[in-house]
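Chain by chain, the residues run as shown.
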Amino acid sequence: MKNLVILISGRGSNMVAIAEACAAEGWDARIAAVISNRIDAQGLVYAQRNGIPTAVVNHRDFEDREAFDAALAQVIDGFEPDLVVLAGFMRILTPGFVQHYSGRMLNIHPSLLPAFPGLHTHRRAIEAGCKVAGTTVHVVTPELDHGPIVAQAVVQVRPDDTEDTLAARVLVMEHRLYPRALRWWIEGVLEVTVDGRVVHLGGEPQQLIGG
Ligand code: GRF
């Protein structure tokens, strides 16, 4: 049984999608903890109501990123994670922290990486005139929103889309994509190749959904 520790900063809808898929599909895994850097993160309420241990490590209590990340890692490691799952965790992580969880930390980003790393992805996609947008699950490496791509989901950008309407459609895909990618990870059917791509060992073609 694999221990997942999920890090959130806010709403936590991806965390909920993961917890529900884990229960419904009977993954060989459990959500060992949901940890937030914000006490008011809405997702903590869901976790508490569903008997998932929670913790808060407030970044404002620390002098610098290194001190915060050290404290955060200590709390995470207390839950003996096999995998650390970033799900809307809005902090830039130090190289030391990323190195500590090397090969066992995933993130979901609301764009088709390597396009639009960072913030305001939907606005930037619309402004760039993109005809497709989407979301990416990737292995976390020290460079922000980079790292081997595990899976992507695509949606069409409609002519009348606003940042909010596009974000809402992408979010629906995120809730399908992240549980799927995590399940693969737990089942051990993914491998990072020497050139840094993530491949599905079973030849499963569904590393892209939508489109
Ligand atoms: C998602 O769009 C995710 O891709 C991004 O932050 C958002 C988090 O949403 N990293 P939620 O907290 O999971 O609802």
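Model, not experiment: these values are computed from the prediction.

1. Regarding the environment of Q99
Item 1. You can see Q99 is positioned in helix α4 (residues 95–100).
Item 2. On the accessibility criterion, Q99 (55% relative accessible area) is exposed.
Item 3. Residues Q99 and F116, spaced 17 residues apart in sequence, show a C-alpha to C-alpha distance of 24 Å.

2. Some points on unusual backbone geometry
Item 1. Cis geometry is adopted by the peptide bond preceding P114, which originates at L113 and carries an omega value of 10°.
Item 2. Mapping P114 onto the fold places it in the loop between β5 (105–109) and α5 (121–127).
Item 3. Not every positive phi belongs to a glycine, and D145 is a case in point at roughly 55°.
Item 4. Mapped onto the fold, D145 is located in the loop between β6 (132–139) and β7 (149–156).
Item 5. Assessed through its relative accessible area of 11%, D145 is described here as buried.

3. Comments concerning the site of the ligand
Item 1. R11, G12, S13, N14, G88, I108, H109, P110 and E174 make up every residue found near the ligand.
Item 2. The contact in question runs from a nitrogen atom of the ligand to an N or O atom on the backbone of I108, over 3.1 Å.
Item 3. Within the complex, the protein chains bury 86% of what would otherwise be the 370 Å² of accessible surface of the ligand.
Item 4. Of all elements in the fold, only α1 (13–24) and β5 reach the threshold of two or more residues within the shell around the ligand.
Item 5. Looking at the shell around the ligand, its residues break down into two nonpolar, five polar and two charged.
Item 6. If you count residues domain by domain, the shell around the ligand takes at least three from each of domain 1 (1–101) and domain 2 (108–211).

4. A few points about the packing of aromatic side chains
Item 1. Following the criterion strictly, the structure yields two aromatic pairs and no others.
Item 2. The positively charged end of R91 is found above the aromatic ring belonging to F68, 5.6 Å away from the centroid.

5. Overview of the pattern of salt bridges
Item 1. Enumeration over the complete set of coordinates arrives at six salt bridges.
Item 2. The salt bridge partner of R183 is E25, with a shortest N-O separation of 2.9 Å. Pair noted here: R183 is in helix α6 (residues 163–187) and E25 is in the loop between α1 and β2 (29–36), with a separation of 158 residues, a long-range link.
Item 3. Classification of R183 by relative accessible area gives partly exposed; the value is 31%.
Item 4. The exposure class of E25 is partly exposed, given its relative accessible area of 41%.

6. Focus on the packing of α1 against α6
Item 1. Running from N to C, α1 and α6 point in directions that differ by 45°, and their axes come no closer than 9 Å. Relative to α6, the element α1 is oriented oblique. Relative to α6, α1 is oriented so that their crossing is right-handed. On α6, the residues that touch S13, N14, A17, I18 and A21 of α1 are L171, E174, H175, Y178, P179 and L182.
Item 2. Here the contact of α1 with α6 is composed, by residue class, of seven nonpolar, three polar and one charged.

Calculation rules
- Here the residue numbers are simple positions, counted from 1 along each chain's written sequence.
- Reporting of local features is limited, given that this is a predicted model, to residues whose pLDDT is at least 70; pairs of side-chain atoms are given and counted only at 80 or more, and all residues count toward the totals for whole chains, interfaces and linings.
- As a rule here, side-chain values come from all non-hydrogen atoms in the structure, and water together with hydrogens is ignored.
- Secondary structure is summarised from DSSP: a helix means a run of H or I of at least four residues, a strand means a run of E of at least two, and numbering begins at the N terminus for each.
- Note on classification: 1.4 Å probe, protein chains only; a residue is buried when its accessible area is under 20% of the maximum for its type, exposed when over 50%, partly exposed between these limits.
- Any residue with a non-hydrogen atom lying within 4 Å of a molecule or strand is treated as near it.
- Two N or O atoms form a polar contact when they lie within 3.5 Å of each other; inside protein one atom must be a possible hydrogen donor and the other a possible acceptor, and for residues adjacent in sequence the pair counts only when both atoms belong to side chains.
- Using the Shrake-Rupley algorithm and a 1.4 Å probe, accessible areas are obtained, with residue cover drawn only from the displayed protein chains.
- Ten residue types, Ala, Val, Leu, Ile, Met, Phe, Trp, Tyr, Cys and Pro, are classed as nonpolar, four, Asp, Glu, Lys and Arg, as charged, and the remainder, Gly among them, as polar.
- What marks off one domain from the next here is an automatic or database domain assignment.
- Paired rings are identified among Phe, Tyr and Trp, the last through its six-membered ring, by centres lying within 6.5 Å, and are further divided according to the angle between planes into stacked (under 30 degrees), edge-to-face (over 60) and tilted (the rest).
- Note on geometry: a ring has a charge over it if NZ (lysine) or CZ (arginine) is within 6 Å of the ring centre and within 35 degrees of the ring normal.
- Salt bridges are identified by distance alone: a Lys or Arg side-chain nitrogen within 4 Å of an Asp or Glu carboxyl oxygen.
- Note on geometry: axes are C-alpha line fits, over the in-contact stretch for helices, and angles between N-to-C directions span 0 to 180 degrees.
- Note that the term roughly parallel is reserved for angles under 35 degrees, roughly antiparallel for angles over 145, roughly perpendicular for angles of 65 to 115, and oblique for everything else.
- Each crossing is labelled by how the near helix is turned from the far one, with a counterclockwise turn of less than a right angle marking it left-handed and a clockwise turn marking it right-handed.
- Contact between two residues is taken to exist if any of their heavy atoms lie within 4.5 Å; hydrogens are not considered.

By themselves, these are just geometric observations and shouldn't be taken as functional.
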